[in-house]
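Here is what each chain is made of, one letter per residue.
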Amino acid sequence: MIGVILNSQFFRFAVVGAVGFFVDGLFLVLLITLDWSLFLARLGSFACAVSVAWYFNRIWTFYKMGAAKAPVVKQYGYYLTAQLIGAGINFGTFFLVIHWFPVLGSEPLIALAVGSLVAMCFNYVLAKKVVYAKIT
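Just so we're clear, the structure is a prediction, and the values are computed from it rather than from any experiment.

### A word on the overall build of the protein
Argument step 1. Each helix and strand in the protein was counted, giving five helices and zero strands.
Argument step 2. Starting at the N terminus and walking to the C terminus, you meet the elements of the protein as α-α-α-α-α.
Argument step 3. Whereas a compact globule of 136 residues would reach a radius of gyration of roughly 14 Å, the protein reaches 15 Å, a difference of no more than 12%.
Argument step 4. Considered along the principal axes of its C-alpha atoms, the protein spans approximately 45 × 35 × 20 Å.
Argument step 5. The contacts of the protein with a sequence gap of at least 6 include a subset with a gap of at least 24, amounting to 71%.
Argument step 6. Total accessible area on the protein stands at roughly 7,800 Å², and carbon and sulfur atoms take up 76% of it.

Structure below.
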């Protein structure tokens, strides 16, 4: 049972998501430390995280579906488009959490985690059904 879970595509997607979350959080803190506004820092950290996640999903999560054989630019374009939709969910959740719990403005990683978790399932479905389903 554990082997099935560890080898499942969704588990790999979640692991890649965790790596993306780490990259996102690292760059969010770094950019805030460099005096970027919270909004611009969030945009920059998201861009870094999406690129890292696309690469690892390509070579690991969806590898068996032929992801590594697809044209890079086209696939990245599909992935980026799908992730931008998911980003709307992620960003909206992030800022709603900050709005509803203003104390979290000084702890943005909590709001980042909530936004990331809410968007993860949506992002998985788009990745599996749209981005990597196009591979032949």
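### Things to note about the environment of Leu40
Argument step 1. Relative to the helices and strands, Leu40 is located in helix H3 (residues 38–61).
Argument step 2. As a C-alpha pair, Leu40 and Leu109 span 69 residues in sequence and 15 Å in three-dimensional space.

### Some words on the packing of aromatic side chains
Argument step 1. The final tally for this structure, using the stated rule, is twelve aromatic pairs.
Argument step 2. Consider the rings of Phe10 and Tyr124, whose centres lie 5.0 Å apart with planes at 90 degrees: the pair is edge-to-face. Placement of the pair is Phe10 in helix H2 (residues 9–33) and Tyr124 in helix H5 (residues 108–131), with a sequence separation of 114 residues.
Argument step 3. Residue classification places Phe10 among the partly exposed residues on the basis of a relative accessible area of 34%.
Argument step 4. Ring geometry for Phe39 against Phe95: centres 6.1 Å apart, planes inclined by 40 degrees, an arrangement best described as tilted. Highlighted residues: Phe39 in helix H3 and Phe95 in helix H4 (residues 72–100), separated in sequence by 56 residues.
Argument step 5. Residue classification places Phe95 among the partly exposed positions, given a relative accessible area of 29%.
Argument step 6. Ring-pair connections join several aromatic residues into one group, and the members of that group are Phe10, Phe13, Phe62, Tyr79, Tyr124 and Tyr132.
Argument step 7. Over the aromatic face of Phe94 sits the side chain of Arg42, whose NZ or CZ is 5.4 Å from the ring centroid.

### Brief notes about the confidence of the model for the protein
Argument step 1. For the protein, per-residue confidence averages 87 on the pLDDT scale, and 94% of positions sit at 70 or higher.
Argument step 2. H2 holds the highest mean pLDDT among the elements of the protein, 94, whereas helix H1 (residues 2–6) holds the lowest, 70.

### Description of unusual backbone geometry
Argument step 1. A positive phi angle, near 70 degrees, is found at Asp35, a position not held by glycine.
Argument step 2. Structurally, the position occupied by Asp35 is in the loop between H2 and H3.
Argument step 3. Judged by relative accessible area, which is 70%, Asp35 ranks as exposed.

### Regarding H5
Argument step 1. Compared with an ideal rise of 1.5 Å per residue, which puts 24 residues at 34 Å, H5 spans 30 Å between its outermost C-alpha atoms and falls more than 12% short.
Argument step 2. The sharpest bend along H5 comes to roughly 40 degrees, located at Met120.
Argument step 3. Those residues of H5 that fall on the buried side of the exposure criterion are Pro108, Ala111, Leu112, Gly115, Ser116, Ala119, Asn123, Tyr124, Leu126, Ala127 and Val131.

### Here we look at the nonpolar core
Argument step 1. Counting residues in hydrophobic clusters, the biggest one holds 16 residues, and the most contacted among them are Phe13, Phe46, Phe62, Tyr79, Ala127, Val131 and Tyr132.
Argument step 2. Of all elements in the fold, only H2, H3, H4 and H5 reach the threshold of two or more residues within this core.
Argument step 3. Ignoring anything within four residues of it in the chain, the contact list for Ala127 reads Phe13, Phe62, Tyr132 and Ala133.
Argument step 4. Among the nonpolar cores identified, the runner-up in size contains nine residues, and Leu31, Phe94, Val97 and Leu104 belong to it.

Each value, and the rule that gives it
Residues numbered from 1 in each chain as written. Predicted model: local features only at pLDDT ≥ 70, side-chain atom pairs only at ≥ 80, totals over all residues. Heavy atoms only, no water. Helix = DSSP H or I, 4+ residues; strand = E, 2+ residues; numbered from the N terminus. Rg over C-alpha atoms; globule rule 2.2 N^0.38 Å. Contact = heavy atoms within 4.5 Å. Areas by Shrake-Rupley, 256 points an atom, 1.4 Å probe, with all protein chains shown as cover. Phe/Tyr/Trp six-rings, centres within 6.5 Å; stacked < 30°, edge-to-face > 60°. Buried < 20%, exposed > 50% of the residue type's maximum accessible area, 1.4 Å probe, protein only. Lys NZ or Arg CZ within 6 Å of the ring centre and 35° of its normal. pLDDT = per-residue confidence, 0-100. Expected span 1.5 Å × (residues − 1). Bend = angle between axes of the 7 residues up to and from the residue. Core = buried A, V, L, I, M, F, W, Y, C linked by side-chain atoms within 4.5 Å.

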